[in-house]
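Geometric and topological summary
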Amino acid sequence: MSPSLVEYQSENHIATITMNDPKTLNAFSTPLKNAMIDALDQADKDADVRVIVLQGSNNNFSSGGHIGEMLENGMESEALVAKLDFMLREVAEVSLKLRNIHKPIIAKLEGAVAGAGMNLALTCDFRIAADNAKFVQAFVNIGLIPDAGGIYLLNQLIGAAKTTELVMLGDKLKADDVARLDLVNSVVSADELDASVQALATRLSQLPGKALASMKHMINVHAFSGLNEALDMEVEQQNTMAVTDDFKEGITAFMEKRKPVYQGK
């Protein structure tokens, strides 16, 4: 049997959900999305689960959207817009699921934390990063705008000025850089990451679950009530970007660099 794209484990009231496509650094594909939704539903419905940990396999969180899948129907404008629209709606579904589950969710961040991967991490309640984590909003480099609620989430968390800098320049950030922006709760050494995440998850699992659920609901109402609208706007804007020369040139150059990864080599 081939390994599952998403692995699920539950122990001591903690569900651990692992994105498991190491050859693409856990790029966000449709099959991975479907498996992740199933895993999140399972954790949500299990009364024994009080905390969820979201992580990636092979020392990487996620490299972002699966560009190979995005281009599988070719570069013709109509096919490209249709595929991009579909994939954007899929990653939006995961963003909403992460906020609408009223259990604390911890993102365990190491290695690549890029694009949609970074934005899904921002949707979680807690973020603990290893000192080897690299963060980037790389969308501008391929002529697109952030997906998975990226601009909205960043604006809510760090304000418009820093959001503008991150998304317009697309610079790579080290874990200490995002810590200074308060985008992660803590930075630890790679060797300490597992223990630090486990300690936080255990602490949360021992707190009153109904109170935590109510707190998350209130935070959603006061801080993230516009997420749905922002996700819809992303789809609209991305559809206009997908037909531009900037996107086609940027994505062609990207694929030339990353072709071996998406071919499984």
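Above this text is the structure in question.
About the thresholds
- Numbering of residues begins from 1 in every chain and follows the order in which that chain's sequence is written.
- Note on the predicted model: pLDDT of at least 70 is required for a residue's local features to be given, and 80 or more for side-chain atom pairs to be given and counted; whole-chain, interface and lining totals, by contrast, use all residues.
- Only heavy atoms go into the side-chain values, all of them from the structure, while hydrogens and water stay out.
- Here a cavity denotes grid points, spaced 1 Å and computed from the protein atoms alone, that fit a 1.4 Å probe unable to get out, and a pocket denotes an open set having protein on both sides within 12 Å along at least 5 of 7 lines; residues with an atom within 4 Å of a point are the lining.
- Grid points are joined across faces, edges and corners, and a volume is the space filled by probe spheres set on the points.
- The helix count covers DSSP runs of H or I at least four residues long, the strand count covers runs of E at least two residues long, and both are numbered beginning at the N terminus.
- Think of it as three bins: nonpolar holds Ala, Val, Leu, Ile, Met, Phe, Trp, Tyr, Cys and Pro, charged holds Asp, Glu, Lys and Arg, and polar takes everything else, Gly as well.
- Each residue is assigned to one of three classes by its accessible area relative to the maximum for its type, calculated with a 1.4 Å probe on protein chains only: buried under 20%, partly exposed between the two thresholds, exposed over 50%.
- As used in this structure description, the phrase polar contact means that two N or O atoms lie within 3.5 Å; if the pair is within protein, one of them must be able to donate a hydrogen and the other to accept it, and residues adjacent in sequence are counted only when both atoms belong to side chains.
- Should any heavy atoms of two residues lie within 4.5 Å, those residues are considered in contact.
- For every element, the axis is a line fit to its C-alpha atoms; helices are fit only across the contacting stretch, and the angle between N-to-C directions ranges from 0 to 180 degrees.
- Should an angle fall under 35 degrees it is taken as roughly parallel, and over 145 as roughly antiparallel, whereas 65 to 115 is taken as roughly perpendicular and any remaining angle as oblique.
- Working rule for handedness: look at the near helix, and if it is turned counterclockwise from the far one by less than a right angle, call the crossing left-handed; if clockwise, right-handed.
- Under the convention used throughout, the expected extent of a helix is 1.5 Å for every residue step, that is, one less than its residue count.
- Relevant arc is that of directions from the helix axis to the C-beta atoms, nothing else.

Remarks on empty space enclosed by the protein
Going through the model one piece at a time under the given rule, you end up with one cavity of 30 Å³ or more. Size it by volume and the largest cavity reaches roughly 30 Å³. Around the largest cavity, the lining residues are Leu109, Met118, Ala121, Leu122, Arg127, Phe135, Val178, Leu183 and Val184. The element best represented in the lining of the largest cavity is helix H4 (residues 116-123), accounting for three residues. Residue composition of the lining of the largest cavity, grouped by class: eight nonpolar, no polar and one charged.

Examining the side chain of glutamine 55
Summarising the element assignment, glutamine 55 is placed in strand S3 (residues 51-56). According to the relative accessible area criterion, glutamine 55 is buried, its value standing at 14%. At 2.8 Å, the side chain of glutamine 55 and the side chain of threonine 18 are in polar contact. If we ignore the near neighbours within four places in the chain, the residues touching glutamine 55 are Thr16, Ile17, Thr18, Met19, Phe61 and Lys108.

Some thoughts on the packing of helix H5 (residues 150-158) against helix H6 (residues 160-169)
In the contact formed by H5 and H6, the axes pass within 7 Å of each other and the chain directions differ by 140°. Between H5 and H6, the angle is such that the two are oblique. Read as a crossing pair, H5 and H6 show a hand that is right-handed. Facing H5, whose interface residues are Ile151, Leu154, Asn155 and Ile158, H6 presents Ala160, Lys162, Thr163, Leu166 and Val167. Here the contact of H5 with H6 is composed, by residue class, of six nonpolar, two polar and one charged.

Focus on helix H8 (residues 193-205)
The terminal C-alpha atoms of H8, which comprises 13 residues, lie 18 Å apart, in line with the 18 Å expected from a rise of 1.5 Å per residue. Within H8, burial applies to Leu193, Val197, Leu200, Ala201, Leu204 and Ser205. An end-on view of H8 places all buried positions within 135° of arc, on one side of the element. Facing away from the buried side of H8, by more than 90 degrees, are the exposed residues Ala195 and Arg203. Where H8 is buried, its residues meet strand S2 (14-19), S3, strand S4 (105-109), strand S6 (126-130), strand S9 (186-188) and helix H9 (209-223).

Some details on the environment of alanine 179
Assignment of secondary structure puts alanine 179 in helix H7 (residues 175-180). Given the relative accessible area of 25%, alanine 179 is considered partly exposed. The spatial distance from the C-alpha of alanine 179 to the C-alpha of alanine 129 is 8.8 Å, given a sequence separation of 50 residues. Apart from residues no more than four positions distant in its own chain, alanine 179 is found in contact with Val184 and Val187.

The values are spatial; any link to function lies outside them.
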